[in-house]
Amino acid sequence: MGTWELVDPPEGRTPISNKWVLTKKYDKDGNLQKYKARLVAKGYSQQPGMDYTNTFSPVVRLETIRNLLALAVAKNWEIQQMDVRGAYLNGTIKEQIYMQQPEGYDDGTGHLCHLIKSLYGLKQAGREWNNELNKQLESLGWRPTMVDPCMYVRKSPEGIEVVAVWVDNLLLFASNESLMNKMKLELKSIFDITDLGEPAKIVGIEIERDRTKGTIMISQKQYIESILQKEGLTDAHPVAVLMDPNIQLQPSEGEAQDKSNNFASLIRSLMYLAVVTRPDIAYAVFRLGSYMANPSMSHWAAAKRVLRYLSGTRSYGITYHASEVRPGENQFFGYSDASYANNDDATSISGYVFSMGGGVITWGSRKQTSVSLSSTESEYVALADVAWEVTWLRNLLEGLGYKQCTPTKLYGDNNGALAIAQNPQYHKCTKHFDTRNHYIRQKVKEKVIEIKYCPMSKMTADIFTKALPKPKFQLHRTELGFLVPA
């Protein structure tokens, strides 16, 4: 591929070294697919300003992937997956970088490899690959969307084509089979590509589609099993609820540790699960994450309980249904909730969730940045934060050709917060609100959002703000779109 040329060592330049990385690739069922060897440059020795400048490289947002999957099942789109072989080797290096010859392939001349193309391990490799991919896709008529630069859309009288890019993994969507075949041929003409057919697994997300039932389910069973195996809890006794609402977690006393401890490692593993396919554990992971620097035995016990919960629900996944999307209606709706002064520092916790096609597409559980003086204020702050997400989702769908012609329904369970969002009333009690929190009022006025009251017993976002008793937890978990595969 013309990745380098052998040259005499230049004066005053220290070459970077490299190593071989050997890995095993598995399918979604854990079966060994292939052995893989990759030459990786030791980019940590690169010098800024000499060997590299900019390094940022985007990947498609997880929310975008879930939106596309929910739309695909609703519109009966074709879905395929492709992998670019040696993707980084397609990027062209702008800087002068010299590397030692790789182990096993040194010709004994003392020459160095002058890099022409980017190599795995270089700090700018991902950026150069993304620039090359972007240039090639735009030359074929695809355009990146403003809300997600790694989602490319091409429209024609024949239909719509979408490419979602996660580094070297391409998730392809087309409104019919002929468009899909055309798209795949074009991509194969510019890159060395492996056609993986119907997607089964991408970035750790296991995808199961049943076209007869009109459903798509996403899960991470294999990833959960790897965590359980690492922690020695593969056969752990399951629990029905991942957090005991009767136990109040508190910060531990003593000096803080560094965040490389085993507890922090476990929480980081769970965090990826919580933001990809398991919103039911989002609050627990967020809460435990605040104790990573100095975990106590009670925090470890709570984390182990999360693992025991996952042991019994490892096959659970979010399911999107074609029958849940009705023509002419808004594609998504959401819930916003807050738990007043529920954090250790008296701040409140916001939670939100948006659904489309019977399954959740985006969610969040986070601490509010300032202390609220009332439950109404905390709920209003939560509504304002959610309004940002509504704007992004509407723009995403508009970029795909599905402009939202009616306001997005957003449900809240605090009448005071809903009233303030619609009218500038209760001035004496609200004059101290930050200006940024009135963003929700502007979107209601513009008819982008329609806020509606939801009884507390039916507030789905409650699962993101506090530990819940079993009946309520399981009810809201079902509302998130969780189904166990047959």
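Residues numbered from 1 in each chain as written. Predicted model: local features only at pLDDT ≥ 70, side-chain atom pairs only at ≥ 80, totals over all residues. Heavy atoms only, no water.

Hey, could you run me through the sheet that holds strand S19 (residues 408-412) in this one?
Pairing between sheet strands relies on hydrogen bonds along the backbone, with the strands arranged either parallel or antiparallel. Across the sheet, five strands lie side by side as S18-S17-S16-S19-S20; this open sheet has mixed pairing. The strands lining the two open edges of the sheet, one partner per strand, are strand S18 (359-367) and strand S20 (449-453). Strand-to-strand, the axes of this sheet are offset by a mean angle of 20 degrees, without reference to chain direction. Relative to S19, strand S16 (residues 333-339) runs parallel, the two sharing two bridges. Bridged to Tyr335 within S19 is Tyr411. Packing against the sheet, helix H9 (residues 415-422) makes contact with S19 and S20, and its axis sits at approximately 155 degrees to S20. (Pairing = 2+ DSSP bridges. Helix = DSSP H or I, 4+ residues; strand = E, 2+ residues; numbered from the N terminus. Axes fitted to C-alpha atoms, helices over the stretch in contact; angles between N-to-C directions. Contact = heavy atoms within 4.5 Å.)

Which parts of the structure should I look at to understand the nonpolar core?
Generally speaking, a soluble globular protein has its nonpolar side chains buried in company with each other. One finds Leu170 and Ile440 to be the most contacted residues of the largest nonpolar core, which totals 137 residues. A per-element tally of this core places helix H8 (residues 375-399) first, with 10 residues. Leave out the neighbours within four places in its chain, and Leu170 touches Gln80, Gln81, Met82, Val84, Leu133, Val163, Ala164, Val165, Leu187 and Ile193. (Core = buried A, V, L, I, M, F, W, Y, C linked by side-chain atoms within 4.5 Å. Buried < 20%, exposed > 50% of the residue type's maximum accessible area, 1.4 Å probe, protein only.)

Hey, could you run me through the packing of H8 against H9 in this one?
When two helices pack together, their arrangement is given by the angle between the helix axes and the distance between those axes. Remark: H8 packs on H9, axes separated minimally by 8 Å, with the N-to-C direction vectors making an angle of 55 degrees. Classified by the interaxial angle, the pair formed by H8 and H9 is oblique. The chirality of how H8 crosses H9 is right-handed. In this structure, H8 contributes Thr376, Glu379, Tyr380 and Leu383 to the contact, and H9 contributes Gly416, Ala417, Leu418, Ile420 and Ala421. A per-class count over the contact of H8 with H9 returns six nonpolar, two polar and one charged. (Parallel < 35°, antiparallel > 145°, perpendicular 65-115°, else oblique. Left-handed = near helix turned anticlockwise from the far one by under 90°. Nonpolar A, V, L, I, M, F, W, Y, C, P; charged D, E, K, R; others polar.)

It is not clear to me how the sheet that holds strand S12 (residues 201-202) should be interpreted in this structure. Could you clarify?
Strands sit in the order S12-S13-S14-S15-S21 across an open sheet of five strands; the sheet is antiparallel. Strands with a single pairing partner mark the edges of an open sheet, and in this sheet they are S12 and strand S21 (482-483). With two bridges connecting them, S12 and strand S13 (residues 205-210) associate as antiparallel partners. In the sheet register, Ile202 faces S13, and the bridge partner there is Ile205.

Can you walk me through the packing of aromatic side chains in this structure?
In this description, a pair of aromatic rings is defined by centroid distance and the angle of the planes. Going through the model one piece at a time under the given rule, you end up with 14 aromatic pairs. Each ring, one from Tyr316 and one from Phe482, has its centre 6.5 Å from the other, and the planes form 45 degrees; the classification is tilted. Residue Tyr316 is located in the loop between helix H7 (297-312) and strand S15 (317-321), and its partner Phe482 is located in strand S21; the two are separated by 166 residues in the primary sequence. Residue class for Tyr316 comes out buried when judged on its relative accessible area of 17%. Here a set of aromatic residues connected by ring pairs shows up, and it is made of Trp77, Phe173 and Tyr402. Above the plane of the ring of Tyr120 lies Arg38, whose end atom (NZ or CZ) is 3.8 Å from the centre. (Phe/Tyr/Trp six-rings, centres within 6.5 Å; stacked < 30°, edge-to-face > 60°. Lys NZ or Arg CZ within 6 Å of the ring centre and 35° of its normal.)

So what exactly am I meant to see when it comes to helix H3 (residues 177-190) here?
Residues separated by three or four positions in an α-helix point in the same direction, a consequence of the helix having 3.6 residues per turn. Along its 14 residues, H3 runs 21 Å from first to last C-alpha, staying within 8% of the 20 Å computed at 1.5 Å per residue. Taken residue by residue, H3 has Leu179, Met180, Met183, Lys184, Glu186 and Leu187 as its buried positions. The arc enclosing the buried residues of H3, seen along the axis, measures out at 160 degrees, which places them on a common side. Turned more than 90 degrees away from the buried face of H3 sit Glu177, Leu185 and Ser189, all of them exposed. (Expected span 1.5 Å × (residues − 1). Arc of directions from axis to C-beta.)

Before we go on, may I ask you to explain unusual backbone geometry in this structure?
The phi torsion of most residues other than glycine is negative, and most of the peptide bonds are trans. The backbone of Val203 shows a phi angle near 45 degrees, a positive value even though the residue is not glycine. Within the secondary structure layout, Val203 lies in the loop between S12 and S13. The exposure class of Val203 is buried, given its relative accessible area of 17%. The backbone phi angle of Ala346 is positive, close to 75 degrees, even though this residue is not glycine. Residue position: Ala346 is located in the loop between S16 and strand S17 (349-356).

Function cannot be read off these values alone, since they describe shape.
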